[in-house]
Amino acid sequence: MPELPEVETTRRGIEPHILGKAVSGVVVRQPKLRWPVPPLHHLNGQRVRMLERRAKYLLIGFKHGTLILHLGMSGSLRVLPGDTPAGKHDHFDLQFGRQCLRLHDPRRFGAVLWTNRPPGEHELITHLGPEPLSDAFDPDYLYQQAQRRKVPIKQLVMDGKVVVGVGNIYATESLFLAGINPVRACNRISRKRIGNLVGCIRQVLARAIEQGGTTLRDFQREDGRPGYFQQELRVYGREGETCPVCGTAIRARQIGQRTSAWCPHCQH
DNA sequence: ACAGTAACCTGTTTGC
DNA sequence: TGCAAACAGGTTACTG
């Protein structure tokens, strides 16, 4: 589920509900997530000073450190009345007075971690590549990265050390928009086409954020509404259907363990 | 340094 | 209908 647009949608939805508010309780119902959830009772009484996103991580800043949240494959965060009964997969609550921020994650690939250091220095974050919507992600940068390797271009743009936040859905859609075959070796694509791809990734992500992300199955925004970008998916999940541009049947195959869909006529 | 694979978990869909 | 296999938005850890 949650790629960059879904995490950013969540961040924007949650921010007005928790920024400046003091934590009044922490509930860990299931500590076995991607990594064990650490003790967090020291958050009681602490105010939220900032809420940021880095890659697909949500960073909730307090005076003495930062709570790092990741939604994994199936996670979502909701702002709910504090007395809402918890379901089977509601693993973690941060209570703020009569409201609570609740993590729901059936597959438990998500994470709740704590760091006392600047979050950018955390092991999981310090080695990440640039944000795709920042100036650092530009044609020269991606072309340089592409020249160093020879993996399929789809694997390159999904590699968090190259650029963050681009998961299977948005990599698939960006490559369609750029007219590049996802299996093409990344070092055999012209500078011009790589530059175009940078613009396409930006455009797809920005539009998806506008639409509140993509809801395929269970992604929910903080208030329970779905995203709407799935209505604009051109090839992802459409194997066998016709290309919206040329009418050719859309194909799909595994690239680096992930299903990838593309139009064999439009993408080379 | 790089590339490929297995692993972490559960729910839903697909195929026999 | 029932059951097992395959598959799903992510990322790390291990192997060669």
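The sections below set out a description of the structure shown in this document. Note that this is a predicted model, so its numbers are computed, not measured.

1. Observations regarding the pairing of strand 10 (residues 258-262)
Point 1. The sheet contact formed by strand 9 (residues 251-255) and strand 10 spans five bridges and is antiparallel. In the strand pairing of strand 10, Arg253 is matched with Ser260.
Point 2. Taken together, strand 9 and the strand that follows it, strand 10, pair antiparallel across an intervening segment of two residues, in which Gly256 is found at a positive phi of about 55 degrees.

2. Details of the pairing of strand 6 (residues 90-96)
Point 1. Across the seven residues of strand 6, six count as buried, placing the element largely inside the fold.
Point 2. Where strand 1 (residues 25-28) lies against strand 6, four bridges are found, and the strand directions are antiparallel. Its bridge partner lying in strand 6, Gly25 is registered against Gln95.
Point 3. Where strand 6 and strand 7 (residues 99-104) come together, six bridges link them in antiparallel fashion. Looking at the pairing, Asp90 lines up with His104 of strand 7.
Point 4. The antiparallel hairpin formed by strand 6 and strand 7 contains two residues in its connecting segment, where Gly97 sits at a positive phi of about 60 degrees.

3. A word on the side chain of Arg54
Point 1. By the secondary structure assignment, Arg54 is in strand 2 (residues 50-54).
Point 2. Side-chain polar atoms of Arg54 contact the side chain of Glu131, separated by 3.0 Å.
Point 3. Among all residues touching Arg54, those that are not within four sequence positions of it are Leu59, Ile125, Leu128, Gly129, Pro130, Glu131 and Val164.

4. Focus on the sheet that holds strand 5 (residues 76-81)
Point 1. Reading across the sheet, the four strands line up as 1-6-7-5 and stay open at both edges, with antiparallel pairing between neighbours. Both edges of this open sheet fall to strand 1 and strand 5, since each of them pairs with a single strand only. Geometrically, the sheet is characterised by an average inter-axis angle of 15 degrees between neighbouring strands, direction not taken into account.

5. A look at the pattern of salt bridges
Point 1. One pass over the full model with this rule turns up 16 salt bridges.
Point 2. Across the pair Glu8 and Arg53 runs a salt bridge whose closest N-O atoms are separated by 2.8 Å. Taken as a pair, Glu8 in helix 1 (residues 4-18) and Arg53 in strand 2 lie far apart in primary sequence, 45 residues in all. Note on accessibility: Glu8 and Arg53 belong to one class, buried.
Point 3. Between Arg238 and Glu241 there is a salt bridge whose closest N-O contact spans 3.1 Å.
Point 4. We classify Arg238 as partly exposed; its relative accessible area is 25%.
Point 5. Residues participating in the shared-partner salt-bridge network are Glu8, Arg11, Arg12, Glu15, Arg53, Arg54 and Glu131.

6. Remarks on the environment of Asp105
Point 1. You can see Asp105 is positioned in the loop between strand 7 and strand 8 (111-115).
Point 2. Looking at Asp105, the relative accessible area reads 0%, which means it is buried.
Point 3. Separated by 32 residues in sequence, Asp105 and Met73 have C-alpha atoms that sit 8.1 Å apart.
Point 4. Filtering out sequence-adjacent residues up to four positions away, Asp105 remains in contact with Leu71, Ser74, Gly75, His89, His91 and Gly110.
Point 5. Polar side-chain contacts of Asp105 include one of 3.4 Å to the backbone nitrogen of Gly75.

7. Digging into the protein's contact with DNA strand B
Point 1. Close to DNA strand B lie 14 residues; His89, Pro106, Arg108, Arg149 and Lys150 are nearest.
Point 2. In DNA strand B, the atoms that sit within 4 Å of the protein are 61% sugar and phosphate, with bases accounting for the remainder.
Point 3. Arg148 is positioned such that a nitrogen or oxygen atom in its side chain is 3.4 Å from a phosphate oxygen of DNA strand B.
Point 4. With respect to DNA strand B, the backbone of Lys150 contributes an N or O atom lying 3.2 Å from a phosphate oxygen.

Basis of the calculations
Residues numbered from 1 in each chain as written. Chains lettered and ligands numbered in written order. Predicted model: local features only at pLDDT ≥ 70, side-chain atom pairs only at ≥ 80, totals over all residues. Heavy atoms only, no water. Pairing = 2+ DSSP bridges. Helix = DSSP H or I, 4+ residues; strand = E, 2+ residues; numbered from the N terminus. Buried < 20%, exposed > 50% of the residue type's maximum accessible area, 1.4 Å probe, protein only. Polar contact = N/O pair within 3.5 Å; in protein donor to acceptor, adjacent residues only side chain to side chain. Contact = heavy atoms within 4.5 Å. Axes fitted to C-alpha atoms, helices over the stretch in contact; angles between N-to-C directions. Salt bridge = Lys/Arg side-chain N within 4 Å of Asp/Glu carboxyl O. Near = heavy atom within 4 Å.

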